[in-house]
Amino acid sequence: MGSLFRSEEMTLCQLFLQSEAAYACVSELGELGLVQFRDLNPDVNAFQRKFVNEVRRCDEMERKLRYLEKEIRRDGIPMLEIPGECPEAPQPREMIDLEATFEKLENELREVNQNAEALKRNYLELTELKHILRKTQVFFDEMADPSREEEQVTLLGEEGLMAGGQALKLGFVAGVILRERIPAFERMLWRACRGNVFLRQAEIDTPLEDPSSSDQVYKSVFIIFFQGDQLKTRVKKICEGFRATLYPCPEAPADRREMAMGVMTRIEDLNTVLGQTQDHRHRVLVAAAKNIKNWFVKVRKIKAIYHTLNLFNLDVTQKCLIAECWVPALDMETIQLALRRGTERSGSSVPPILNRMETAEDPPSYNRTNKFTSAFQNLIYAYGVATYREVNPAPYTIITFPFLFAVMFGDLGHGALMALFGFWMCYKEKPLQAKKIDSEIWSIFFGGRYIILLMGLFSMYTGLIYNDIFSKSLNIFGSSWRNNYNESTLTSNKLLQLNPDSWDYLQSPYPFGIDPVWQLAEANKIIFMNAFKMKISIIIGVFHMLFGVCLSLWNHVYFKRRISIYVEFIPQIMFLTLLFFYMVLLMFIKWTSYGPSPALNFNTSLPEVVRSSGYCAPSILITFINMMLFKHDENAREVCDEVMFAGQMTIQKMFVIIALLCVPVMLFGKPYFIMKDQKQRARQGHQPVDGAAENGSAGGAVAPAHGHQDEEITEVFIHQGIHTIEYVLGSVSHTASYLRLWALSLAHAQLAEVAWNMLLRKGLQSPGYEGGIMLYVVFAGWAAISVSILVLMEGLSAFLHTLRLHWVEFQSKFYAGEGYLFQPFSFEIILDSAGQGEE
Amino acid sequence: MGASVVPIAVFTILWGIVGIVCPFFAPKGPNRGIIQVVLMLTAATCWLFWLCAYMAQMNPLIGPRLDNETLIWISHTWGNRIK
């Protein structure tokens, strides 16, 4: 039997490992990824465990690697992916080497970075000084301009002239400030110095690099003139407050020129030194980039191993580590082999011991999936993890899910688009996987590529049956409808209906799917399609639910719940069959027994012919409601029969009565048998029960096994009551719920038609060469709407409705979903999640 | 009764082969069970869907109501000359 039908059989094992061999063995198990370890010291906190030191060392190494990685990223050096194989977990003694390597690399890098930063700061200062010297030159030149002298005289007036040359001596400071601070700086200066200073500023055109953050910033050069020492201190304070850097600037033009020369040479020297430092840094990083992914893998593996070892118990003699783990029963052999490999690698002589343990605990649920089935399994897990060994709905979902989706999404064109997209993802699987596109939406699509492919293929099939391709139809086999109206009728009537009771209809249907004529019958296409789609929704729904109930039988048989078969499964399936499956049968009866009169008998009024004509066809829904209410159809027409087949009334009454009788069986059956069981046990004497209870309290772990007997009988009643009400009411509401198949399918078809009529038709009808251009534009719009709304959005909504039909309507019939997931210790999973976390 | 034997036989046999015969030839291996279930369910769902579409049209109760232009076009292209 395939393992996907039920979760794997699991055993709890005890594992004795020699201290020296433990590391190697756990490493082997991690590569295998089939063992889930249990924490044996849950009351010990993380800091008191045995290998906490090693874990800490690994953390430290990981931190260094992350630092390295950040630096590599900053320089834009490509990091090499390890092609193919992952490196194995290194030996514990290799850890020291690794640590030393990382330590060295980190120190080197830090030193280089520090140097580079100091150099850059120096460089910045020099460039700023260079700019100051260059820009202030302009200001000084202006000052020296003889025409200004007069201005000065007029400005200062008599007083200035009287004060004489000595007091007119102006001091100045020059510096550099961030450009955005200039306005505030200027205002502050004006206010604080009461307008007694003179500020000139000029922008530095090229951005400068800030060495601490390595951002590009724009700065301005300024020069402030003032008079007197008091103002000088004030100005300096303000400059400090605005983080402006001040530079000494000689007054004499000759000094300035000399200084500028000196600055230029120093800048050049610095540039060469900086270049060399960068080269060195680059070389170090390139070397590191080659190995960094490898190192990450190694460190993470070591860390994972020590984490796992921390879960183990230490033997009294300290020679041996004891672990408890869940293991799939089928894989015991492979695990034994892995353990042996581990022991050989560590050179230990004593083999590890793997002991099966008896337990009353519920084992974890584990379903072995492959790349095809895992997506479907995840759909189920998203609802709830299967109870241990319960029937798994995933294998059936593989087909029923795309099928129900396709009933709602039935369109050959849209289905083909979806199938092509799915096929492309499956075909390019490996290269796409290698690309590692980390967009959430993409990973959802890519994860569900097989679902998408199947949904597309099924949509193409249902689209063919609905005869719907972008809201047009295909006439492959030749329509069954003909026009027999003559020319005058055709010209005088706008709308004409073909009569099935004549040779308008060839008396045998279109062999595959809906007749193409219906797509053209804009006047009553919806009436016909609604009747058809509503019926198939209910038919499919009832079959789906019946299938679910049958799966519950398989569960009962497997868990040997004989009573449940009699008082749960049988009444449940009878209830569903007698009421809802009967309704489905009525639909088929209606399809076969009412219709056009036999050929050559067209349009007669013979009562036996009329009785089986469309005129007498009853409504299924009314018939069903009347059946539930034990009523006759009051609106029966004169010639027509009241019933669809002989004895219908009796059969219906019987069915309803039996179905109603099933309800008390479901409600009281199980509690009754449990009560009877308890009484019998009580009669046999209390001794064994008491003994078991004592054992249970002494053994601790064994206690839950006996819980069932002591269950409160009222609780059983309440539970069963809820269950029964849920099922009975559920049958009605779930059947109605399947009508969403019809509703969504109708909506999809209508939207596609609107898109065609409103857009593409306009383009196709426009004449002349402008029409070509028009069509070009309109087609783009139509294609965009088709893909974005009809395929993507409608696809999403149909997907969600299908999901609901599976989770609620289908799985509620048999699936408890009360288990917990098997989470094996596996390097693959750990590395994957670590890799995603960092991105 | 407007059923004709050929299409019913053809499609039933076609899906019967997929759903009943093919599962016997499913490749051996751990996935045999899954492949069988997939084949059987595909055949069952597709056959049921086709059957419903076929039976719903076997005895039509109403005929399509068409525009006269469409009718003229139908006569023209589907090969039934207007009298």
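About the thresholds
Residues numbered from 1 in each chain as written. Chains lettered and ligands numbered in written order. Predicted model: local features only at pLDDT ≥ 70, side-chain atom pairs only at ≥ 80, totals over all residues. Heavy atoms only, no water. UniProt positions renumbered as here; feature names shortened; annotations may be inferred. Helix = DSSP H or I, 4+ residues; strand = E, 2+ residues; numbered from the N terminus. Contact = heavy atoms within 4.5 Å. Areas by Shrake-Rupley, 256 points an atom, 1.4 Å probe, with all protein chains shown as cover. Polar contact = N/O pair within 3.5 Å; in protein donor to acceptor, adjacent residues only side chain to side chain. pLDDT = per-residue confidence, 0-100. Disulfide = S-S within 2.5 Å. Buried < 20%, exposed > 50% of the residue type's maximum accessible area, 1.4 Å probe, protein only. Pairing = 2+ DSSP bridges. Axes fitted to C-alpha atoms, helices over the stretch in contact; angles between N-to-C directions. Buried area = accessible area lost by both parts, 1.4 Å probe. Salt bridge = Lys/Arg side-chain N within 4 Å of Asp/Glu carboxyl O. Nonpolar A, V, L, I, M, F, W, Y, C, P; charged D, E, K, R; others polar. Lys, Arg positive; Asp, Glu negative; His and termini not counted. Arc of directions from axis to C-beta.

Chain B has the name V-type proton ATPase subunit in an unreviewed UniProt entry, where Arctia plantaginis is given as its organism. In the Subunit (unreviewed entry) part of its UniProt record, chain B is described as follows: "V-ATPase is a heteromultimeric enzyme made up of two complexes: the ATP-hydrolytic V1 complex and the proton translocation V0 complex."

Chain A appears in an unreviewed UniProt entry as V-type proton ATPase subunit a from Arctia plantaginis. Within the UniProt record for chain A, the comment given under Sequence similarities (unreviewed entry) is "Belongs to the V-ATPase 116 kDa subunit family."

(A) Local environment of the overall build of chain B. Along the backbone of chain B there are 3 helices and 1 strand. Start at the N end of chain B and walk to the C end: the helices and strands fall as α-α-β-α. When the backbone C-alpha atoms are referred to their principal axes, chain B occupies close to 65 × 25 × 20 Å. Considering only intrachain contacts with a sequence separation of at least 6, the fraction spanning at least 24 residues in chain B is 51%. Surface accessibility of chain B: about 4300 Å² in total, with carbon and sulfur atoms responsible for 74%.

(B) Here's a closer look at the side chain of H544 of chain A. Residues and elements named next belong to chain A. Position of H544 among the secondary structure elements: in helix α17 (residues 525-558). Within the structure, H544 has its side chain in polar contact with the side chain of Y738 (distance 2.7 Å). Setting aside chain neighbours within four positions, we find H544 in contact with T400, L404, Y738, L805, H806 and F810.

(C) Region of interest: the confidence of the model for chain B. On average, residues of chain B carry a pLDDT of 89, and 96% of them reach 70 or more. For this predicted complex, the interface confidence score (ipTM) comes to 0.96, while the overall pTM stands at 0.81.

(D) Here's a closer look at the UniProt feature "transmembrane region" (unreviewed entry) in chain B. Residues and elements named next belong to chain B. This chain's UniProt record puts "transmembrane region" (unreviewed entry) on residues 6-26 and 33-56. The span residues 6-26 is 76% helix and 0% strand, and its two end C-alpha atoms sit 29 Å from each other. Regarding residues 33-56, the helix share stands at 100% and the strand share at 0%, and the terminal C-alpha atoms are separated by 34 Å.

(E) Structural view of the state of the cysteines. All names here are of chain A. Tallied over the entire structure, the rule returns 1 disulfide over all chains. For C616, the disulfide goes to C640, at an S-S distance of 1.7 Å. Torsion about the S-S bond of the C616 and C640 cystine: about -85°, corresponding to left-handed handedness. Placement of C616 in the loop between α19 (607-611) and α20 (620-629) and of C640 in the loop between α20 and α21 (648-683) is noted, with a sequence separation of 24 residues between them. Owing to a relative accessible area of 12%, C640 belongs among the buried residues under this scheme. Here C13 is not cross-linked by a disulfide; its sulfur's nearest cysteine counterpart is in C325, at 5.4 Å. C13 sits in the buried class, given a relative accessible area of 0%.

(F) Quick look at the sheet that holds strand β8 (residues 245-247) of chain A. Residues and elements named next belong to chain A. With antiparallel pairing, the 4 strands of this open sheet are ordered in space as β4-β7-β3-β8. A strand with exactly one partner marks an edge of an open sheet, and here the two such strands are β4 (198-203) and β8. Neighbour-to-neighbour, the strand axes of this sheet turn through a mean angle of 25°, independent of strand direction. When strand β3 (residues 171-178) meets strand β7 (residues 219-226), the two strands line up antiparallel, connected through 8 bridges. What sits directly across from G175, in β7, is F222. Contacts between helix α6 (residues 229-241) and the sheet are confined to β3, β7 and β8, with β7 contributing the most and set at about 165° to the helix.

(G) Structural detail: the interface of chain B and chain A. At the junction of the two partners, chain B supplies 48 residues and chain A supplies 68 residues. Taken together, both faces of the contact between chain B and chain A bury some 5200 Å²; the carbon and sulfur share is 71%. When the buried surface of chain B facing chain A is broken down by residue, F49, R65 and W78 of chain B rank first, second and third, together holding 16% of it. Inspection of the region where chain B meets chain A yields 1 salt bridge. With a shortest N-O distance of 3.1 Å, K494 of chain A and D67 of chain B are connected by a salt bridge. Summed over the shared surface of chain B and chain A, the result is 19 residue pairs in polar contact (both at pLDDT 80 or more). The set of elements that each furnish at least two residues to the side of chain B that touches chain A consists of α1 (5-21), α2 (32-58), β1 (65-67) and α3 (68-77) of chain B. Per element, the largest residue contribution to the side of chain B that touches chain A is 19 residues, and it comes from α2 of chain B. Of the residues assigned to the side of chain B that touches chain A, the class counts are 31 nonpolar, 13 polar and 4 charged. The pairing of strand β12 (residues 495-497) of chain A with β1 of chain B spans 3 bridges and is classified as antiparallel. Looking across to β1 of chain B, one finds that L495 of chain A is bridged to D67 of chain B.

(H) The environment of F25 of chain B, seen in detail. You can see F25 of chain B is positioned in the loop between α1 and α2. Sequence separation between F25 of chain B and I35 of chain B is 10 residues, and the spatial gap between their C-alpha atoms is 10.0 Å.

(I) Structural view of the UniProt feature "transmembrane region" (unreviewed entry) in chain A. All names here are of chain A. Residues given the UniProt feature "transmembrane region" (unreviewed entry) here are residues 403-427, 448-466, 536-557, 569-589, 651-669 and 772-793. Measuring from the first to the last C-alpha atom of residues 403-427 gives 22 Å, for a span that is 88% helix and 0% strand. Within the segment residues 448-466, helix and strand shares are 95% and 0% respectively, and the terminal C-alpha atoms sit 26 Å apart.

(J) Up close: the side chain of D515 of chain A. Checked against the element boundaries, D515 of chain A lands in the loop between β12 and α16 (517-520). Buried charge without a partner: D515 of chain A forms no salt bridge, and the closest opposite charge is R482 of chain A, 7.7 Å away. The residues touching D515 of chain A, leaving out its near neighbours within four places in the chain, are N467, S479, S480, W481 and Y510 of chain A together with Q57 of chain B.

(K) Up close: α3 of chain B. Among the residues of α3 of chain B, N68, T70, L71, I74 and S75 of chain B are the ones counted as buried. Angularly, the buried residues of α3 of chain B cover 155° about the axis, an arc narrow enough to put them on a single face. Summarising the geometry of α3 of chain B, the exposed residues directed more than 90 degrees from the buried face are E69 and H76 of chain B. Structurally, α3 of chain B contributes buried residues whose contacts are with α15 (487-492), β12 and α16 of chain A together with β1 of chain B. Two residues or fewer after α3 of chain B comes G79 of chain B, characterised by a positive phi angle close to 75°.

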